[in-house]
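Observations on chain architecture
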Amino acid sequence: MLNEMMHRPIVMEKIVNYMRTAQLPFDGGVGELEAYANERGIPVVPHETAKFIDLFTATIQPNQILEVGTAIGFSASLMAQHLSSEGHLTTIDRYPDMYERAKANFDRLGLSDSITMIEGDAADVLPTLDGSYDLIFMDSAKAKYIEFLPECMRLLKMGGVLIIDDVFQAGTVLDDESEIPKRVRKIHRKLNELFETVLNSKRHRSCLVPLGDGLLMIRKESEEYFEAIEKE
Ligand SMILES: C[S@@+](CC[C@H](N)C(=O)[O-])C[C@H]1O[C@@H](n2cnc3c(N)ncnc32)[C@H](O)[C@@H]1O
C-alpha cells in the first residue's frame, strides 16, 4: 500500500522537504490522523498537497464534496472541516479494512453526521450517484482515472472543480512507453490518455499543479464532455 511516488519528488528535493517541514502540521484530530498515517506508511496525500487542499477548500467552502479513495479518512476529514453549515461529504473506498478504519476515525472526530461512506468500487458506485458537487477529489487507482472522468464531470456542478491526485508517476508519465516496466504500462498509457483528453480541451479550464506526485485540476465550464481529439 506504500505510495512510492511520494518519495520520488517531481520538484527539487529541498523544496519538497521545505514544504513538508516549514508548513505547520494541522491542529487536533486531523493532524493526529496525518501523523498516524505517515508514521505507518499509509498512503494519504503528502503534507504539501494537504496544505493546498486545506486552503482551497477553506476558500470555496463547498456545500457538496465527493471523494474517490478514502483510505483511513485523512483527506476527507481535512476537507469536511470546511463544508458549509448544511454541507456534506461523500467518500468511496472499495477496501473493507479502510472503510472500517475511516469510519472509526470519522466517529472519533465527530464528523459522522457530515460524511457518508460508500463501500464499493467507484466503477460501480459512481454511475449510481446523483447530485451536483462543488468539489470532487479523486485519489484512487490511477489507471481508472480516465474511466471515471465522464462520471465525475457529470456529477460536478457548473463551476465545480475536480482535483485528480498523483498524475505524474514521479515524472515517468512523460517517458516513452518502451522505457516503462510492463507491470505499470497500463497506468502510463491511461494517464497519458487522461492528459490528452483534458489538456487539449477548450471546453473546461484545467491546470497541472506540481504538488506531491502532481495534481490535475479541472473546472467544469460546459455541460458537454471534453471534445474528441482529432489526430493527424
Ligand atoms: C491513496 S489512498 C487514498 C488516500 C486518501 N485520499 C487520503 O489522502 O487520506 C487510495 C484509496 O483508494 C482506494 N481505491 C483504489 N481504487 C479504487 C476504486 N476503483 N474504487 C474505490 N476505491 C478505490 C484504495 O482502497 C485506497 O484506500
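Position labels on residues start from 1 in each chain and follow its written sequence. Whole-chain, interface and lining totals are the exception, using all residues; otherwise, since this is a predicted model, local features are given only for residues with pLDDT of at least 70 and side-chain atom pairs are given and counted only at 80 or more. Here the side-chain values reflect all heavy atoms present in the structure, with hydrogen atoms and water set aside.

Turning our attention to the pattern of salt bridges. We define a salt bridge as a side-chain nitrogen of Lys or Arg found within 4 Å of a carboxyl oxygen belonging to Asp or Glu. By the definition in use, this model includes 16 salt bridges. Of the charged contacts in the structure, one is a salt bridge between Glu39 and Arg40, with a shortest N-O distance of 3.6 Å. Note on Glu39: relative accessible area 63%, which makes it exposed. The salt bridge involving Glu147 is made with Lys144; its shortest N-O contact spans 3.6 Å. The buried label goes to any residue with under 20% of its type's maximum accessible area, the exposed label to any with over 50%, and the partly exposed label to all in between, with areas taken from a 1.4 Å probe on protein chains only. Under the relative-accessibility criterion, Glu147 is labelled partly exposed at 44%. The network of salt bridges with shared partners includes Asp139, Lys142 and Asp166.

With that out of the way, let us pick up the site of the ligand. Nearness of a residue to a molecule or strand requires only that one of the residue's heavy atoms be within 4 Å of it. Lining the immediate surroundings of the ligand are 21 residues, of which Val45, Ser75, Asp93, Ala122 and Asp139 lie closest. In the model, an oxygen atom of the ligand is placed 2.6 Å from a nitrogen or oxygen of the Asp93 side chain. Asp121 places a polar side-chain atom, nitrogen or oxygen, 3.0 Å from a nitrogen atom of the ligand. Taken by itself the ligand offers 600 Å² of open surface, and the protein chains cover 93% of this. Here a polar contact is recorded for every N or O atom pair within 3.5 Å, except that within protein the pair must consist of a potential hydrogen donor and a potential acceptor, and residues adjacent in sequence are included only if both atoms are side-chain atoms. For the accessible areas, the method is Shrake-Rupley and the probe is 1.4 Å, while residue cover comes only from the protein chains on display.

Moving on: the pairing of strand E1 (residues 64-68). For helices the rule is a DSSP run of H or I covering at least 4 residues; for strands it is a run of E covering at least 2, with both sets numbered from the N terminus onward. For E1, the buried fraction is high: four of the five residues fall into the buried class. In short, DSSP must find at least two bridges between two strands for them to pair. By the bridge criterion, five bridges tie E1 to strand E2 (residues 88-93) in an arrangement that is parallel. What sits directly across from Leu66, in E2, is Thr90. Handedness of the E1-helix H4 (residues 74-80)-E2 crossover: right-handed. One ladder, built from four bridges, connects E1 with strand E4 (residues 133-138); its direction is parallel. Bridge pairing in E4 places Glu67 opposite Phe137. Classification remark: right-handed applies to a crossover when, strands pointing away from the viewer, the course from the first strand over the helix to the second runs clockwise.

The quantities given are spatial measurements derived from coordinates; they are silent on function.
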